[in-house]
Amino acid sequence: MNNTNLLLGQHTNLRRTTDERFAFVAALCRDPELTPADKVIAFVLLDHFSDTAGLTMMSRSAIIGCAGLTEKTVGDASHRLERRGWFSVERNLLRTHAYVPTWSRLDEAFAA
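Attention in this report is confined to the structure presented alongside it. (Residues numbered from 1 in each chain as written. Predicted model: local features only at pLDDT ≥ 70, side-chain atom pairs only at ≥ 80, totals over all residues. Heavy atoms only, no water.)

**Some words on the pairing of strand S2 (residues 87–90)**
Next up, step 1: As defined by bridge partners, S2 adjoins strand S3 (residues 96–101) across four bridges and the pair is classed as antiparallel. The residue bridging Val 89 from the neighbouring strand is Tyr 99, located in S3. (Pairing = 2+ DSSP bridges. Helix = DSSP H or I, 4+ residues; strand = E, 2+ residues; numbered from the N terminus.)

This is how it looks when you write it as structure tokens:
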């Protein structure tokens, strides 16, 4: 089983409404450790989220094109979102990465 399948195995309910996606971004925006660029990247990833797969598959160049940010900024933001626990990221050699939102952070953010 590859790591993407491991990431998928963590999620039983893959479907997410637009309201849930925006609530996730709203919760993420409350994280004082994230930069404005981090929040843009999170929005791009959620905008391209696949309900079927339960994740976003995007290359860094595609994210750069959507966000209008530099490669370094996108890389830094991606790592910060992962370190802060907002996304799980499975990187691969083909340069298309799997980004899985950590939906439980949504519940944590609004419980605080």
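What follows picks up the thread again.
**Notes on the pattern of salt bridges**
Next up, step 1: Under the counting rule described, the total for this entry stands at six salt bridges.
Next up, step 2: Here Arg 84 ties to Asp 31 by a salt bridge, and the two come within 2.9 Å at their closest N and O atoms. Of the two residues, Arg 84 is situated in the loop between helix H5 (71–83) and S2 and Asp 31 in the loop between helix H2 (18–29) and helix H3 (36–47); the sequence distance between them amounts to 53 residues.
Next up, step 3: The exposure class assigned to Arg 84 is partly exposed, which follows from its relative accessible area of 34%.
Next up, step 4: Of the charged contacts, one joins Arg 80 and Asp 38 as a salt bridge, the two residues approaching to 2.6 Å between their closest N and O atoms. Remark: Asp 38 occurs in helix H3 and Arg 80 occurs in helix H5; sequence separation between them is 42 residues. (Salt bridge = Lys/Arg side-chain N within 4 Å of Asp/Glu carboxyl O. Buried < 20%, exposed > 50% of the residue type's maximum accessible area, 1.4 Å probe, protein only.)

**Regarding the sheet that holds S3**
Next up, step 1: Ordered in space as S1-S3-S2, the three strands form an open sheet in which the pairing is antiparallel. Edge positions in the sheet fall to strand S1 (56–59) and S2, since each has one partner strand and no second. Taking the axes of each pair of neighbouring strands and ignoring which way they run, one obtains an average angle of 30 degrees across the sheet.
Next up, step 2: Strand direction decides the pairing type here: S1 and S3, joined by four bridges, are antiparallel. Pairing of Ser 59 across the sheet is with Thr 96, part of S3. (Axes fitted to C-alpha atoms, helices over the stretch in contact; angles between N-to-C directions.)

**Examining the packing of H3 against H5**
Next up, step 1: Between H3 and H5, whose axes approach to 9 Å, the crossing angle comes to 80 degrees. Classified by the angle their axes make, H3 and H5 are roughly perpendicular. On H5, the residues touching Ala 37, Asp 38, Ile 41 and Ala 42 of H3 are Thr 73, Val 74, Ala 77, Arg 80 and Leu 81.
Next up, step 2: Looking at the contact of H3 with H5 residue by residue, the classes come out as six nonpolar, one polar and two charged. (Parallel < 35°, antiparallel > 145°, perpendicular 65-115°, else oblique. Contact = heavy atoms within 4.5 Å. Nonpolar A, V, L, I, M, F, W, Y, C, P; charged D, E, K, R; others polar.)

**Section: the packing of helix H4 (residues 60–67) against H5**
Next up, step 1: Between H4 and H5, the least distance of the axes is 10 Å, while the angle of their chain directions is 105 degrees. When the axis of H4 is compared with that of H5, the two are roughly perpendicular. Seen from H4, the contacting residues are Arg 60, Ile 63 and Ile 64; seen from H5, they are Glu 71, Val 74, Gly 75 and His 79.
Next up, step 2: Residue classes in the contact of H4 with H5 are distributed as three nonpolar, two polar and two charged.

**Notes on the packing of aromatic side chains**
Next up, step 1: One pass over the full model with this rule turns up five aromatic pairs.
Next up, step 2: Ring geometry for Phe 49 against Trp 103: centres 5.7 Å apart, planes inclined by 85 degrees, an arrangement best described as edge-to-face. In this pair, Phe 49 is assigned in the loop between H3 and S1 and Trp 103 in the loop between S3 and helix H6 (104–111), connecting sequence segments 54 residues apart. Like Trp 103, Phe 49 is buried.
Next up, step 3: Grouped by ring-pair contacts, the aromatic residues Phe 24, Phe 49, Trp 86, Phe 87 and Trp 103 constitute a single cluster.
Next up, step 4: Residue placement shows Arg 105 over the ring face of Trp 86; its charged tip is 4.0 Å from the ring centre. (Phe/Tyr/Trp six-rings, centres within 6.5 Å; stacked < 30°, edge-to-face > 60°. Lys NZ or Arg CZ within 6 Å of the ring centre and 35° of its normal.)

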